[in-house]
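# Structural overview for review
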Amino acid sequence: MVSRAFGWIQNPNNFGKLKKVVQIFIKDSQYYNELINGELEKIYSEERRNELLDLLLTDNSHIPFDDLKGAKRFPDGFEGPKTRPNQVAFGLVQLAAGNPCEFSTKKYKTWTDDYTSGAYVDWALTLNFLKIDQNNIVSITDLGNRFATSPKGSWKSSKSYEASREEKDILVNAFIAYPPAVRVLKLLEENKQKNGSKALLSKFRIGHELGFSGEPGFTSFSEDEWFEVLSNQPVTSKSDFRSNVEGSSDKWARAIASWLAKVGLVTTEKLHKLINSNDEYTSHAYKINMAGEMALKRAEGYSKYSPSTKYIDWTMLATSVTNKVYVRTRRAYTIKAIQSSPSIEQIQYYLDERGLFEGIGVLKADIKGLIRFGLNIIDENKKVLLKDNINNFRIPNINVTDELKDRDLQKIKSSLQNQLENMDPADIEIIEMAWKKSPTKSKNTIDATLFEAKTVEIMKKYIGLAGEHLGGPKKPDGFLYDINNFGIILDTKAYSQGYPLDITQQREMQDYIDDAKNKKPGIPKNEWWRIIPSTMSNNDLNFVWVAGDFTGNYLEGVKNTHIKSGINGTALDVETLLRLSDKVASGQMKKTELPALMNNARLSLV
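A few points on the structure. (Residues numbered from 1 in each chain as written. Predicted model: local features only at pLDDT ≥ 70, side-chain atom pairs only at ≥ 80, totals over all residues. Heavy atoms only, no water.)

## Considering the overall build of the chain
When helices and strands are tallied, the chain shows 26 helices and 18 strands. Here the C-alpha atoms of the chain give a radius of gyration of 26 Å, agreeing with the 25 Å that 2.2 N^0.38 yields for 606 residues. The principal-axis extent of the C-alpha atoms belonging to the chain is close to 80 × 60 × 50 Å. Expressed as a percentage of the 606 residues in the chain, the buried residues total 55%. Here the analysis covers contacts within the chain between residues at least 6 apart in sequence; of these, 68% occur between residues at least 24 apart. In the form shown here, the chain has an accessible surface area of approximately 26400 Å², with 46% of it arising from carbon and sulfur atoms. Each charge class in the chain can be summarised by its mean position, and for the 82 positive and 77 negative side chains these summaries are 3 Å apart. (Helix = DSSP H or I, 4+ residues; strand = E, 2+ residues; numbered from the N terminus. Rg over C-alpha atoms; globule rule 2.2 N^0.38 Å. Buried < 20%, exposed > 50% of the residue type's maximum accessible area, 1.4 Å probe, protein only. Contact = heavy atoms within 4.5 Å. Areas by Shrake-Rupley, 256 points an atom, 1.4 Å probe, with all protein chains shown as cover. Lys, Arg positive; Asp, Glu negative; His and termini not counted. Charge placed at Lys NZ, Arg CZ, Asp CG, Glu CD.)

## Comments concerning the sheet that holds strand β18 (residues 601–602)
Strand order across the open sheet formed by six strands is β13-β14-β15-β16-β17-β18, with mixed pairing between neighbours. The strands lining the two open edges of the sheet, one partner per strand, are β13 (466–469) and β18. With respect to the sheet, helix α23 (residues 503–518) is in contact with β15 (486–493) and β16 (541–547), its orientation differing from that of β16 by roughly 150°. Contacting β16, β17 (568–573) and β18, helix α24 (residues 554–565) runs over the sheet at an angle of about 160° to β16. (Pairing = 2+ DSSP bridges. Axes fitted to C-alpha atoms, helices over the stretch in contact; angles between N-to-C directions.)

## As for helix α11 (residues 223–231)
Summarising burial for α11: eight of the nine residues are buried, a large majority. Looking only at α11, the buried set comprises Glu223, Glu225, Trp226, Phe227, Glu228, Val229, Leu230 and Ser231.

## Comments concerning the packing of helix α9 (residues 179–195) against helix α17 (residues 360–373)
Close contact between α9 and α17 brings their axes to 7 Å; oriented N to C, the two are set at 80°. For the element pair α9 / α17, the angle class is roughly perpendicular. Side by side, α9 and α17 meet where Pro179, Pro180 and Arg183 of the first sit next to Ile371, Arg372 and Phe373 of the second. By residue class, the composition of the contact of α9 with α17 is four nonpolar, no polar and two charged. (Parallel < 35°, antiparallel > 145°, perpendicular 65-115°, else oblique. Nonpolar A, V, L, I, M, F, W, Y, C, P; charged D, E, K, R; others polar.)

## So, helix α6 (residues 114–126)
Helix length check: α6 (13 residues) gives 18 Å between terminal C-alpha atoms against 18 Å at 1.5 Å per residue, within 8%. The element α6 is largely enclosed, with a buried count of eleven among its 13 residues. For α6, the set of buried residues is Asp114, Ser117, Gly118, Ala119, Tyr120, Val121, Asp122, Trp123, Ala124, Leu125 and Thr126. Buried-residue contacts for α6 involve α1 (15–23), α4 (65–69), α5 (92–96), β2 (130–132), β3 (137–140) and α13 (248–262). N-cap assignment for α6: the residue whose side-chain oxygen lies 3.0 Å from the backbone N of tyrosine 115 is aspartate 113. (Expected span 1.5 Å × (residues − 1). Polar contact = N/O pair within 3.5 Å; in protein donor to acceptor, adjacent residues only side chain to side chain.)

## Brief notes about the sheet that holds β2
What the three strands build is an open sheet, ordered β1-β3-β2; its pairing is antiparallel. Two strands in the sheet have a free side with no partner beyond their single neighbour: β1 (63–64) and β2. Here three bridges tie β2 to β3, and the two strands are oriented antiparallel to one another. Across the sheet, lysine 131 pairs through a bridge with serine 139, a residue of β3.

## Describing the nonpolar core
With 106 residues, the main nonpolar core has Phe15, Ile24 and Phe129 as its most contacted residues. It is α13 that contributes the most residues to this core, seven residues altogether. The residues contacting phenylalanine 129, other than those within four sequence positions of it, are Leu18, Val22, Ala124, Ile140, Thr141, Leu143, Gly144, Phe147, Ile170, Leu171 and Ala174. Judged by nonpolar contacts, the second largest core, of 47 residues, contains Phe221, Ile488, Leu490 and Leu594. (Core = buried A, V, L, I, M, F, W, Y, C linked by side-chain atoms within 4.5 Å.)

## What to know about the side chain of glutamate 293
Assignment of secondary structure puts glutamate 293 in helix α14 (residues 290–300). Among the polar contacts listed, one links the side chain of glutamate 293 to the side chain of lysine 192, at a separation of 3.3 Å.

## Description of unusual backbone geometry
Residue proline 524 follows isoleucine 523 across a cis peptide bond; omega there is -15°. Of note, the phi angle at asparagine 136 is positive, near 60°, even though the residue is not glycine. Following the sequence through the fold, asparagine 136 ends up in the loop between β2 and β3. Phi at glutamate 527 is positive, roughly 45°, even though this residue is not glycine.

## Focus: the pattern of salt bridges
Taken as a whole and assessed by the stated rule, the structure comprises 41 salt bridges. Look at the salt bridges and you will find they share partners, linking Arg183, Glu209, Lys368, Arg372 and Asp424 into a network. (Salt bridge = Lys/Arg side-chain N within 4 Å of Asp/Glu carboxyl O.)

## A word on the packing of aromatic side chains
Ring pairs (aromatic) are described by centroid distance and by the angle formed between their planes. Counting across every chain of the model gives 24 aromatic pairs. Seen in terms of ring centroids, phenylalanine 212 and phenylalanine 218 are 5.6 Å apart; in terms of plane orientation they differ by 80°. Their pairing is edge-to-face. Note on accessibility: phenylalanine 212 and phenylalanine 218 belong to one class, buried. Measuring from centroid to centroid gives 5.2 Å for tryptophan 226 and phenylalanine 227, while their planes differ by 90°, and the two rings are edge-to-face. Judged by relative accessible area, tryptophan 226 falls into the buried class, the value being 1%. A network of ring pairs unites the aromatic residues Phe15, Tyr120, Trp123, Phe175, Tyr178 and Trp259 as a single cluster. A cation over a ring is seen here: lysine 19 above phenylalanine 147, with NZ or CZ 5.9 Å from the ring centre. Here the basic side chain of arginine 73 rests over the ring of phenylalanine 90, its NZ or CZ set 4.4 Å away from the ring centre. (Phe/Tyr/Trp six-rings, centres within 6.5 Å; stacked < 30°, edge-to-face > 60°. Lys NZ or Arg CZ within 6 Å of the ring centre and 35° of its normal.)

## With respect to the pairing of β17
The buried count for β17 comes to five of six residues, which makes it a mostly enclosed element. Read from β16 through α24 to β17, the crossover connection turns out right-handed. (Right-handed = clockwise from strand over helix to strand, strands pointing away.)

## A word on the pairing of strand β8 (residues 278–288)
Here two bridges tie strand β6 (residues 201–202) to β8, and the two strands are oriented antiparallel to one another. Its bridge partner lying in β8, leucine 201 is registered against tyrosine 286. Bridge count between strand β7 (residues 266–275) and β8: nine bridges; the pairing is antiparallel. Among the inter-strand pairings, leucine 271 is bridged to a residue of β8, identified as threonine 282. Remark: two residues form the turn of the hairpin made by β7 and β8, two consecutive strands paired antiparallel; asparagine 276 in that turn has positive phi of roughly 50°.

## Notes on the environment of isoleucine 377
Among the structural elements, isoleucine 377 can be located in strand β10 (residues 377–379). Along the chain, isoleucine 377 and aspartate 388 lie eleven residues apart, while their C-alpha atoms are 7.6 Å from each other. Not counting chain neighbours up to four residues away, the residues in contact with isoleucine 377 comprise Ile338, Ile367, Leu370, Ile371, Val384, Leu385 and Leu386.

Encoded structure:
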């Protein structure tokens, strides 16, 4: 059995609730006593209360994960919406992570839902306060024992807890052993050295350089693209946009930076930018302070300090990538290989023996990902030096098969990582973004926006085009151009089964082309076409659809759009986009050659 994944936390941020979670495992601790002396009365059924009470009284040192997390349960006969606020308490951490009794006026406010409770257990596991075995049995660690028995801080409100000095010291020790937190500190310190003590890093710039950037579970908006889209939002929508539009890595960055701020290692400020004569901002920007710099020195073993032992788990090494079991295993053994020998040839041999060597490009991508994960690794081309001490983490005994590798997608990505030497591995992950199928409509909207933004980012970064990510009603997803040469009206589609380019999408593109040609004030109301340079003629306009792949009669759609609009265009799959970008970045091709490739068919580099 593979134990529960943890290591990347988005929402929990209350140290007081975290402490109560850990105290469940300490007999006669404050929260343990609260549980057995009345807190368990909030559990919705007598049978369940007795089960949990018996568990606490007999052996609270080893508790099944499910008894901590609880489950989705609703009152007997409940006919309302089955949403989180309506859940009843079923697990111990649903109580521990609820609001403190002294700040609650209604009984139901003193517990939380099973999703939140599970996240608090994951947080305690991530910081090495708790540990979990292969059977999903949870127990406390020595560090967790110290945290649970340290002097208590103070509650300021139901959502605000001020940790004591002793609690903060233990939390700092936990953070400098947690590689992603060290990575955030390192990025902030590098930004200070480069740009001065007042320079801020937004969650987007941190998210772009955090973890296994680009792959599912580690998506991030370009800061510039995010601000451009924010500036185009109606005033009434800007607050929601600031709160909800972010990639998963941006969320990790925001969460970690907020923890570091609460223990006094970083400072949080608003980052302002002037976009289209408007003052726009994000509230999530950070800079390191002296305490943070000292903590980073301890983490890295600078001067008189020995490096802190980094605590990692196999499950931290991938989150949502399609073949995550294989990817986690490959990256885990890459760490073991680097520990065994710094020689790149020996590392390759070590992986090859285990059926895990996918080529030098994939290996270099994994090494870069492990650096962004937060490990202190120096890549000297022929040598790879690991400067960190790492706990002896366990790798599950997994048979590496072609099925496990998810060969179709893995083969494409591995081939590109091995061949496209000029591209950041994080950008090659657009391959997965293009084929992603999201579980909910709201998540699908965010993922589609991420795909739009990444496409624009790649075309600007490698091909050297100017332009903007647009998106939204009655606007193309972007407009890109090479001044005095050509412009591209861009539409992107992230479809899990390929994109058929139906009549609706053809009509939308035709509308964008008409807007760009006519430039009629007020049509559409957003007047997106104003970003087109005044020196660009209509004859220089082109249209491009970008998708993972195209299906059905898509070529007919491209030709029909050309005939109706009188301008040229193409259908461009993401693999070809990446190969095109690499060719231009390497100097094998000039961006001025691009118009000749937009010949009303599928774009081909052959």
